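# Notes for the structure review
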Amino acid sequence: MRLSELTGCLPFYVMKGPESDPEIVKVCHHHQDVEPGSLFTAIKGEKSDGRFYIEKAIEKGAAAVLSDTEYDLSVPLIMVKQPRHALAYIANHFYDYPSFGLNVIGVTGTNGKTTVTHMVHGVLESAGIKTGIIGTLYMKQGDRIKKSENTTPDSLLLQQTLAEFRDEGSRAAVLEASSHGLSQGRMYGCDVDIAILTNLTQDHLDYHETMEHYKCAKTLLFSQLGHTHVKNAPKFAVLNHDDPFSKEVATATSAHIITYGITSEADVYAKNIHSYSETTSFTICTPSGETDVELRFAGMFNVYNALAAAAVGFVKRIPTGVIAKGLESVSGVPGRFEIVKHNGPYTVIVDYAHTPDSLKNILQAAGEMKPNKLITVIGCGGDRDRAKRPIMAKIACEFADYAVFTSDNPRSEDPKKILRDMEKGVQGNSYISLVDRRAAIKYALKSAEAGDIIIIAGKGHEKYQLINKEKIPFDDKSVAESILNEMLIEDV
Ligand SMILES: CC(=O)N[C@H]1[C@@H](OP(=O)(O)OP(=O)(O)OC[C@H]2O[C@@H](n3ccc(=O)[nH]c3=O)[C@H](O)[C@@H]2O)O[C@H](CO)[C@@H](O)[C@@H]1O[C@H](C)C(=O)N[C@@H](C)C(=O)N[C@H](CCC(=O)O)C(=O)O
Ligand SMILES: Nc1ncnc2c1ncn2[C@@H]1O[C@H](COP(=O)(O)OP(=O)(O)OP(=O)(O)O)[C@@H](O)[C@H]1O
Ligand SMILES: N[C@H](CCC[C@H](N)C(=O)O)C(=O)O
Ligand SMILES: [Mg+2]
């Protein structure tokens, strides 16, 4: 594609440098990705600055550069005010507007996004709609999996992945819209058809600073809904009737609103809910009919997650029986309430709860399983919302019988300082702090007795610990398994 064709999609720009119209074969924003004929978009980021790498990009063969700053370059320079936004436009155009050829379902909210995307995937696939998933765990279509660095990929990777989905025969894509992703415009230009809100509670105040700003970021998914209208199909906002934030979101969207909840005030709701230790059964009621479902997930919050996915099925006019089959086909999500198999007389569960609300929910769900004692291992991430640390510690001590505080991903912070922040939220002696996560897990497992439940929270599927700039292999599930094996040998 010629540079002039690519720049034609930009709302505003000024051309500087040599007057040529090179063929652009690739778009990139990291200098290491540059190949001859690339357009290098220079973005000033949080940690680094793409503008520092312009010369290197040209040395590697960049045919043109996009930047917000004027330089004297040997290749054409496209000057824009907001390079990140410009990249979103360009990526969309370069990959030929992939979201226009797909049914796009965006999921936002503090907790439950990954779970809901998998449930929506189950519902759509059971209706024969081939669907790709983009989120925290991966970018996945059928058996093809790409690792994801972010929950919501940057606009370039997002459009590229959606294009792959489209070109390989998917008819839908379900993706997680994180507040960071929304506020950084990673989804800008992505034509979402159905936007889902799971819930809103405290998180990410390090980045958004106030809950108001955090809400504004989340609301973007709904206020941007429908601004393209190219598909000539109605847009839907699927909102959690029982979360007060939904009322605010409802005022910010022109899309049709479908609510879900656990009372008949919602459009899609659950009745006859029965919780078991690893499953939940209930009846899903939609305006087009009812269906019974045996969900392979525990916890009331997963009933909400399932209802959100069922609401998508309803909107897509999928028969209720097929919706139920789709939900039942989802056997779990890696690192979410994942039971560690072993021969001991107690239950060990790995879960990704890393916010106050999710921790409370998961401990409550475990409490409903009537354990002898509920023990939790919990830490808080470094370089992330510090305000949530004492709150999470308090919740751990309130909803578990005993808590082992430990390191999550300390990143650039001193792990002992993070533990001190946590300890500020608690009194008494129903906890111990152990910096080393393996030692903490071992301590919890060694103190377990018959009938106890041990919840190892915070890192779920993560296969590493981020300590300073290092990514050290660490997997809660395999660490727990190896400790349990060691304990078995010691017992013999
Ligand atoms: C704070 C933040 O969100 N940062 C994201 C942001 O990075 P950035 O633009 O600030 O990048 P940067 O490293 O400063 O680099 C600036 C530019 O220089 C370029 N560069 C950089 C280095 C170099 O050697 N050469 C080079 O060309 C980079 O390609 C980039 O274009 O854009 C990058 C590309 O989109 C993201 O990968 C990166 O996420 C980082 C890794 C991150 O940790 N983000 C977290 C906070 C986040 O986004 N989390 C949410 C989930 C939250 C939740 O809901 O729980 C998510 O969606 O993942
Ligand atoms: N609807 C929900 N409400 C509250 N907590 C939930 C809900 N769904 C899941 N959780 C809890 O939150 C944890 C994370 O769930 P999930 O990965 O689905 O959320 P997420 O929003 O994708 O998280 P992230 O922001 O990291 O991408 C789960 O392990 C569980 O403890
Ligand atoms: N998407 C979240 C994940 C947090 C996971 C937790 N283990 C931590 O590192 O704090 C974030 O980037 O804030
Ligand atoms: Mg997620």
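Per an unreviewed UniProt entry, the recorded name for the protein is UDP-N-acetylmuramoyl-L-alanyl-D-glutamate--2,6-diaminopimelate ligase, and the organism is Jeotgalibacillus salarius. Quoted verbatim from the Catalytic activity (unreviewed entry) heading of the UniProt record, the comment on the protein is "UDP-N-acetyl-alpha-D-muramoyl-L-alanyl-D-glutamate + meso-2,6-diaminopimelate + ATP = UDP-N-acetyl-alpha-D-muramoyl-L-alanyl-gamma-D-glutamyl-meso-2,6-diaminopimelate + ADP + phosphate + H(+)". Reading the Subcellular location (unreviewed entry) entry of the UniProt record for the protein gives the comment "Cytoplasm".

What follows is about the site of ligand 2. The local shell around ligand 2 holds 22 residues, among which Asn111, Gly112, Lys113, Thr114 and Ser358 are the closest. Sorting elements by how many residues they give to the shell around ligand 2 places helix α12 (residues 356-367) first, with 4 residues. Counted by class, the shell around ligand 2 contains 5 nonpolar, 12 polar and 5 charged residues.

Next up on the list: the packing of helix α13 (residues 388-399) against helix α14 (residues 415-423). How two helices sit against one another is set out by the angle between their axes and by the gap between those axes. Running from N to C, α13 and α14 cross one another at 60°; their axes reach a closest spacing of 6 Å. It follows from the interaxial angle that α13 and α14 lie oblique. Crossing geometry of α13 relative to α14 is assigned as right-handed. Residue-level inspection shows Arg389, Pro390, Met392 and Ala393 of α13 in contact with α14, the latter providing Ile418, Asp421, Met422 and Glu423.

Now for the environment of Leu434. Assignment of secondary structure puts Leu434 in the loop between β21 (431-433) and α15 (437-446). Spatially, the C-alpha atom of Leu434 lies 5.1 Å from that of Thr406, the residues being 28 residues apart in sequence.

Reading guide: rules and limits
- Residues numbered from 1 in each chain as written.
- Chains lettered and ligands numbered in written order.
- Predicted model: local features only at pLDDT ≥ 70, side-chain atom pairs only at ≥ 80, totals over all residues.
- UniProt positions renumbered as here; feature names shortened; annotations may be inferred.
- Near = placed C-beta within 6 Å.
- Helix = DSSP H or I, 4+ residues; strand = E, 2+ residues; numbered from the N terminus.
- Nonpolar A, V, L, I, M, F, W, Y, C, P; charged D, E, K, R; others polar.
- Axes fitted to C-alpha atoms, helices over the stretch in contact; angles between N-to-C directions.
- Parallel < 35°, antiparallel > 145°, perpendicular 65-115°, else oblique.
- Left-handed = near helix turned anticlockwise from the far one by under 90°.
- Contact = placed C-beta atoms within 7 Å.

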